[in-house]
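Topology and contacts: notes
The chain contents come next:
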Amino acid sequence: MKKAELKIVLFVLMSVCLMSGCKVSYSLTGASIDYNKTKTITIETFSNRAAYQWAPMAPMFNTTISDRYNNQTKLRQVRRDGDLLLSGEITSYDQTNKSISADGYSSMVQLKMTVKVKFTNNKKHEDDFERSFSASREYDSSQQLSAVQEELVQQMIDDIVDQVFNATVAKW
């Protein structure tokens, strides 16, 4: 073999060796789940334990979190004994004056929602956690809360569900 041919053969062999040890993995949903080990998820009903209550909030949250895992993972939802377990409760839903106008009245109001989540990974317990996730939105105080509440609560729920999803299966 000539020297040039030997270099080419060695380059190809080294490239094959290096590439065989590498694994490229990507997901369009953001989930990083080993579906060979993790196949099911149990999402318990999140109750509303906040002092200030708005009745549709808990059903909206439960539907949104369930839909997120259904639509963005291959996990099958089961009633109990899932490989992954999500449980928790809405712990606060508050409204506070955010800024004051020149005439001394509130000009902006902030809504804030907090959800306490317990996550158990029965396949890898070092991923388990229990913590709170929060989101807030502001609205002009000239508007009635009843006129903007559904939209703002859904936005906060979407934000919190994103945070929970990222912390549990996306690992962001």
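Here we summarise the structure given alongside this text. (Residues numbered from 1 in each chain as written. Predicted model: local features only at pLDDT ≥ 70, side-chain atom pairs only at ≥ 80, totals over all residues. Heavy atoms only, no water.)

**Here we look at helix α2 (residues 57-72)**
Basically, it comes down to this: Secondary structure elements are defined from DSSP: runs of H or I of at least 4 residues count as helices, runs of E of at least 2 residues count as strands, and each element is numbered from the N terminus. Here, expected helix span is obtained from the residue count minus one, scaled by 1.5 Å. Burial classes follow relative accessibility: with a 1.4 Å probe on protein chains only, a residue under 20% of its type's maximum area counts as buried, one over 50% as exposed, and anything between as partly exposed. We call two residues contacting when some pair of their heavy atoms lies within 4.5 Å.
With 16 residues, α2 ought to run about 22 Å at 1.5 Å a step, and its terminal C-alpha atoms sit 22 Å apart, in line with that. Turning to α2, its buried residues are M57, A58, M60, F61, N62, T64, I65, S66, R68 and Y69. On its buried face, α2 sits against β1 (40-43), β2 (47-48), β3 (76-77), β4 (84-100), β5 (106-121) and α3 (145-170).

**A few points about α3**
Threshold: Throughout, bend refers to the angle between the axes fitted to the seven residues that end at a position and the seven residues that start at it.
The largest bend along α3 reaches roughly 25° and is located at E151. Positive backbone phi, at 60°, marks K171, one or two positions downstream of α3.

**A few points about the side chain of S92**
Within the secondary structure layout, S92 lies in strand β4. The exposure class of S92 is buried, given its relative accessible area of 17%. If near-sequence neighbours (up to four positions away) are discounted, S92 is found in contact with A50, K112, M113 and T114.

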